[in-house]
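Structure at a glance
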Amino acid sequence: MNLNKLPEIPWYMDLGAKARNLYRDCPLDIKNEISFFLDHGYVVLKNSLPPERIESARNAFYRHKKKYANIYARHADVNGLQRRIVNLHMALYEFQDIFSLNTRALKIQDYLFQSPSTCFTSLTFESGSEQSIHRDSPYFTTTPEYYYLGVWVALERVDHLNGALEIYDGGHLVHEVDRFEIFERYYKYGDQIDQMDPRLWADYQQATIESCIAKGLEKKIVPMEPGDTLIWHPHLPHGGSAISSQGRSRLSIVNHVVPSGVPVSGLNVFYRNSNPPDSVNYGYMNHADRNFLIHKNVEFQHADPQPANEFRN
Ligand SMILES: O=C(O)CCC(=O)C(=O)O
Ligand SMILES: [Fe+2]
């Protein structure tokens, strides 16, 4: 794919008139959602998937968990729940449906990208993530930058008891912090860096949160019902709220999506210690008219890879 086709900066990153101007051509049936997204950095689509679709994804998950009980057991928390399964959709068609058949959510993604949205990765949480607030961009650096959205679907009710998404409302408008100053705290340009260096992640997130607080933004949690979808802006600081009722499940799937052909890199490119790639060598597959990047394995917390084509219900 010719990356030159995508504008260097996605239109929704523009803070002012240009974005507003472009969104005048927005289809009427998604205009309110696009407007909310531009103002708040996220939008919730109520009942964007019907109860039968949610039920069949839930059933597929619990069947799978039972069938591969020995593998799941290795990664369960003290309550027997899974905190992070990577790319489980590669094994479960019902999870692919959650992306491909979420028509209203896709219309919004396609409009934002001005290009068909493609599923890059998924994370399945059976328990709230309790992840501290962060922007995804240091580990999800697209070329060009910011061609990325988070598409989060509740498979059961989510609230403060089981750990909902927590966000800085409007935090997507907080300017990118001086990431290059952060890099130079630890490295010189051209150094070999640890691709997972926790300092390069944590300092960036800390600076971002301080900027949100300085702007007077407040954290808020977003309760959701099964079948609701939340789409977040690439710059939205988000995380998982504390679970006040430990042991209560929070089954959810999040797809990280990009336009087809967009390369995704990590810290090295985010901090411009390497040049951004100019092409991708990913394979894509199609399910119900939507492209998915092919991952060979399903992983538990980024480890213990299981070949997706054998790890089936
Ligand atoms: O599901 C959550 O609690 C947070 C997930 C998240 O931060 C992500 O997928 O980027
Ligand atoms: Fe995230």
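Per chain, the residues get numbers from 1 upward, laid out in the order the sequence is written. Just so you know, chain letters begin at A and ligand numbers begin at 1, following the order they were written in. The predicted nature of this model means local features are confined to residues of pLDDT at least 70 and side-chain atom pairs, given and counted, to a pLDDT of 80 or more, with totals for whole chains, interfaces and linings taken over all residues. With hydrogens and water set aside, each side-chain value is computed from the structure's full complement of heavy atoms.

Within an unreviewed UniProt entry, the label attached to the protein chain reads Phytanoyl-CoA dioxygenase, and the organism entered is Polynucleobacter asymbioticus. Quoted verbatim from the Cofactor (unreviewed entry) field of the UniProt record, the comment on the protein chain reads "Fe(2+)". UniProt positions are given in the numbering used here, feature names are shortened, and annotations may be inferred rather than shown by experiment.

1. Description of the overall build of the protein chain
When helices and strands are counted, the protein chain shows nine helices and 15 strands. Put simply, the radius of gyration uses C-alpha atoms, and a globule should come to 2.2 Å times the residue count raised to 0.38. Against the compact-globule benchmark of 20 Å for 313 residues, the protein chain has a radius of gyration of 19 Å, which places it among compact chains. In terms of its C-alpha atoms, the protein chain occupies a principal-axis envelope of roughly 50 × 50 × 40 Å. The buried label goes to any residue with under 20% of its type's maximum accessible area, the exposed label to any with over 50%, and the partly exposed label to all in between, with areas taken from a 1.4 Å probe on protein chains only. For the protein chain, the proportion of its 313 residues judged to be buried stands at 57%. Secondary structure elements follow DSSP: runs of H or I of four or more residues count as helices, runs of E of two or more count as strands, with numbering from the N terminus.

2. Section: the sheet that holds strand S9 (residues 238–240)
At least two DSSP bridges between two strands are needed for those strands to be called paired. With respect to topology, three strands assemble into an open sheet ordered S7-S6-S9, the strand pairing being antiparallel. For this open sheet the edge positions go to strand S7 (219–222) and S9, each flanked by a neighbour on one side alone. Ignoring which end each strand starts from, the neighbouring axes of this sheet average 30° apart. As paired elements, strand S6 (residues 165–168) and S7 share four bridges and run antiparallel to each other. Following the sheet pairing, tyrosine 168 is matched in S7 by lysine 219. Every axis in this analysis is a line fitted to C-alpha atoms, fitted for helices over the stretch in contact. Angles between the N-to-C directions lie between 0 and 180 degrees.

3. Concerning the environment of lysine 31
Considering the arrangement of structural elements, one finds lysine 31 in helix H2 (residues 31–40). Residue lysine 31 is classed as partly exposed on the basis of its relative accessible area, which comes to 24%. Note: C-alpha distance between lysine 31 and isoleucine 108 (77 residues apart in sequence) is 9.1 Å. In this analysis, two residues are considered to be in contact whenever any of their non-hydrogen atoms come within 4.5 Å of each other. In contact with lysine 31, not counting residues within four places along its chain, are Tyr23, Arg24 and Cys26.

4. Comments concerning the packing of aromatic side chains
Within 6.5 Å between ring centres, the rings of Phe, Tyr and Trp (the latter by its six-membered ring) count as paired, and their orientation is classed by plane angle as stacked under 30 degrees, edge-to-face over 60, tilted in between. Within the structure shown, the criterion is met by 19 aromatic pairs. Ring geometry for phenylalanine 99 against phenylalanine 292: centres 5.3 Å apart, planes inclined by 80°, an arrangement best described as edge-to-face. A residue pair is termed long-range when its members are at least 10 positions apart, and phenylalanine 99 in helix H5 (residues 93–100) and phenylalanine 292 in strand S13 (residues 290–293) qualify at 193 residues. Each member of the pair, phenylalanine 99 as well as phenylalanine 292, is classed as buried. Look at tyrosine 204 and phenylalanine 270: their rings are 5.0 Å apart centre to centre, the planes differ by 80°, and that puts the pair in the edge-to-face class. Of this pair, tyrosine 204 sits in helix H8 (residues 198–214) while phenylalanine 270 sits in helix H9 (residues 267–270), placing them 66 residues apart in sequence. Each member of the pair, tyrosine 204 as well as phenylalanine 270, is classed as buried. One aromatic cluster is present, built from ring pairs that chain together Phe61, Tyr62, Tyr68, Tyr72, Phe300 and Phe311. Ring-over charges, as used throughout, are those where CZ of Arg or NZ of Lys falls within 6 Å of the ring centre and within 35 degrees of the ring normal. The aromatic ring of phenylalanine 270 is capped on one face by arginine 179, whose charged end is 4.7 Å from the ring centroid.

5. Quick look at H8
An ideal rise of 1.5 Å per residue puts 24 Å on 17 residues; H8 measures up with 24 Å between its terminal C-alpha atoms. Burial in H8 covers these residues: Leu200, Trp201, Asp203, Tyr204, Gln205, Ala207, Thr208, Ile209 and Cys212. The distance from a side-chain oxygen at the start of H8 to the backbone nitrogen of arginine 199 is 2.9 Å, and the residue carrying that oxygen is aspartate 197. Phi turns positive, to about 80°, at glycine 216, one or two residues after H8. Given the number of residues in a helix, its expected span is that number minus one, multiplied by 1.5 Å. Between N or O atoms, a polar contact is any pair within 3.5 Å; within protein, one atom must be a potential hydrogen donor and the other a potential acceptor, and residues adjacent in sequence are included only when both atoms are from side chains.

6. So, the site of ligand 1
Looking at ligand 1, there are 14 residues lining it, with Ser129, His134, Trp152, Arg250 and His256 nearest. One nitrogen or oxygen atom from the side chain of serine 129 is found 2.6 Å from an oxygen atom belonging to ligand 1. Within the side chain of aspartate 136, a nitrogen or oxygen atom sits 3.1 Å from an oxygen atom of ligand 1. Put simply, the parts of the chain that give the shell around ligand 1 at least two residues each are strand S3 (117–125), S9 and strand S10 (252–259). Per-class residue counts for the shell around ligand 1 are six nonpolar, six polar and two charged. Throughout, near means a residue has at least one heavy atom within 4 Å of the molecule or strand. Residues are grouped as follows: nonpolar covers Ala, Val, Leu, Ile, Met, Phe, Trp, Tyr, Cys and Pro; charged covers Asp, Glu, Lys and Arg; every other residue, Gly included, is treated as polar.

7. Remarks on the side chain of glutamate 126
Along the chain, glutamate 126 turns up in the loop between S3 and strand S4 (141–142). At 2.9 Å, the side chain of glutamate 126 and the side chain of lysine 65 are in polar contact. With residues up to four places along the chain from it excluded, the contact list for glutamate 126 reads Phe61, Tyr62, Lys65, Gly80, Leu81, Gln82, Ser249, Arg250 and Leu251.

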